[in-house]
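# Examination of the molecular architecture
If you want the building blocks of each chain, they are given just below.
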Amino acid sequence: MTNPFLRKSGLLFTTLFLTGGMLAAQQNPTMHSEKNQSAATSQRKMTDQSFVKEAAEGGTAEVKLGKLAQEKGNTEAVKDFGKRMVTDHSKANEKLQDAASQANINVPQEQTSAKQQAAYERLSKLSGPAFDHAYARMMLRDHEKDVAAFRKEAKNGKQDSIKNFAANTLPVLEQHLALARQMNQKVHPGSANGSQTGSTGAMAGPTSR
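Note that the coordinates shown come from a computational prediction; the quantities given were computed from them, not determined experimentally.

## Focus on the overall build of the chain
- Of regular secondary structure, the chain possesses 7 helices and 0 strands.
- Counting from the amino terminus, helix and strand elements in the chain follow one another as α-α-α-α-α-α-α.
- Counting all 209 residues of the chain, 39% fall into the buried class.
- Here the analysis covers contacts within the chain between residues at least 6 apart in sequence; of these, 81% occur between residues at least 24 apart.
- Element-wise, carbon and sulfur atoms account for 53% of the exposed surface of the chain, whose accessible area totals about 12000 Å².

## A short note on the environment of Lys 152
- Mapped onto the elements of the fold, Lys 152 is located in helix α6 (residues 128-156).
- Since its relative accessible area comes to 44%, Lys 152 is described here as partly exposed.
- The spacing of Lys 152 and Lys 163 is 11 residues in sequence and 9.3 Å in space, taken between C-alpha atoms.

## As for the packing of helix α4 (residues 76-102) against helix α7 (residues 160-187)
- For the pair α4 and α7, interaxial distance at closest approach is 11 Å and the crossing angle is 170 degrees. Between α4 and α7, the angle falls in the class roughly antiparallel. The segment α4 lies against α7, with Ala 77, Val 78, Phe 81, Arg 84, Met 85, Asp 88, Ala 92, Lys 95, Leu 96, Ala 99, Ala 100 and Gln 102 engaging Ser 161, Ile 162, Phe 165, Val 172, Gln 175, His 176, Leu 179, Ala 180, Met 183, Lys 186 and Val 187.
- Across the contact of α4 with α7, the residue classes tally to 15 nonpolar, 4 polar and 4 charged.

## Considerations on unusual backbone geometry
- Its identity is not glycine, yet Asn 104 carries a phi of approximately 55 degrees, on the positive side.
- Its place among the elements puts Asn 104 in the loop between α4 and α5 (114-124).

Thresholds applied
- Residues numbered from 1 in each chain as written.
- Predicted model: local features only at pLDDT ≥ 70, side-chain atom pairs only at ≥ 80, totals over all residues.
- Heavy atoms only, no water.
- Helix = DSSP H or I, 4+ residues; strand = E, 2+ residues; numbered from the N terminus.
- Buried < 20%, exposed > 50% of the residue type's maximum accessible area, 1.4 Å probe, protein only.
- Contact = heavy atoms within 4.5 Å.
- Areas by Shrake-Rupley, 256 points an atom, 1.4 Å probe, with all protein chains shown as cover.
- Axes fitted to C-alpha atoms, helices over the stretch in contact; angles between N-to-C directions.
- Parallel < 35°, antiparallel > 145°, perpendicular 65-115°, else oblique.
- Nonpolar A, V, L, I, M, F, W, Y, C, P; charged D, E, K, R; others polar.

Here you go:
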């Protein structure tokens, strides 16, 4: 026969355990709030609107950096890469405008993020081999991120015009990544094809090509 005292003690323990759990959840809403914020952030990052914004900002930054590379580059590899960026990004920026217009999405005009602007200013203070090294690292790292971002949009985008823009621009991005690897090896003899450490962090998000 079950001891009545033990049965009552078990019920009391269960009640206290459940009550304590509910009180802890009520007193610590931060954990749930952080989870909700994280989920919301992930969802925002997936939208066509956020892709357009980051692609426009990145494209504008690449044009500015490309012009800077033509001006301050110490090697022909850097100067040529900068010229290619100006040409391709200018064309891609126009195509992005058209695609965004079809999707009724506003595009930032001639704007870059604060992080991109800070990276540009740091790079503009360098010269000679130091400039080439920093620019090459920056372009390699950014193009790796860009290719991944454009692939994701091309696959998961909701608006057809934006999705098609990403898909059509992706091959150019992949060419840029191959060129960035070549440039990086020329200014960093013996370096691997992967991203270099110590990147200046110019781009924050995808860049249109």
